[in-house]
Amino acid sequence: MIRVELPAHLRTLAHVSGEIKLDIAGPITQRSILDALESRYPMLRGTIRDHVTQQRRSFLRFFACEEDLSHEPPDAPLPGAISSGAEPFLIIGAIAGG
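Computed from a predicted model, the values in this text were never measured in an experiment.

Focus: the packing of aromatic side chains
Phase 1: Under the counting rule described, the total for this entry stands at one aromatic pair.
Phase 2: Aromatic pair Phe62 and Phe89: ring centres 5.6 Å apart, planes at 35°, arrangement tilted. In this pair, Phe62 sits in strand β3 (residues 60–64) while Phe89 sits in strand β5 (residues 89–93), placing the two residues 27 residues apart along the sequence. No difference in accessibility class separates Phe62 from Phe89, as the two residues are buried.

Structure (structure tokens):
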């Protein structure tokens, strides 16, 4: 079971509170997590990654085990703690302002 934490605005859009749990078969990668997330919550399509390019949206970051994985290849395996469900995969909204 994979655990995913979304920023507040995406939790509101998906009508969820707290963390999301996903069952994913096969390798656990950013792509497999996002595919499963968008399949279960279709209203999130296009909010986390672009519809056409599948690239991460600029103001979102991906973290796992206290590491920023935002610029890692989407098919790179994630740490074992994510695969085992010990740690959540975090999607964080960037904070900007001045």
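There is more to say after this.
Description of the pairing of β3
Side-chain direction in a regular strand flips from residue to residue, so the side chains alternate between the two faces of the sheet.
Phase 1: Here β3 shows a buried face lined by Leu60, Phe62 and Ala64 and an unburied face lined by Arg61 and Phe63.
Phase 2: Pairing geometry for β3 and β5, over five bridges, is antiparallel. Within β5, the position partnered with Phe62 by the bridge is Ile91.
Phase 3: Across two bridges, β3 lies against strand β4 (residues 67–68) in antiparallel orientation. Bridging from a neighbouring strand, Ala64 pairs with Glu67 of β4.
Phase 4: The antiparallel hairpin formed by β3 and β4 contains two residues in its connecting segment, where Cys65 sits at a positive phi of about 50°.

About the cut-offs
Residues numbered from 1 in each chain as written. Predicted model: local features only at pLDDT ≥ 70, side-chain atom pairs only at ≥ 80, totals over all residues. Heavy atoms only, no water. Phe/Tyr/Trp six-rings, centres within 6.5 Å; stacked < 30°, edge-to-face > 60°. Helix = DSSP H or I, 4+ residues; strand = E, 2+ residues; numbered from the N terminus. Buried < 20%, exposed > 50% of the residue type's maximum accessible area, 1.4 Å probe, protein only. Pairing = 2+ DSSP bridges.

These values are about where atoms sit, not about what they do.
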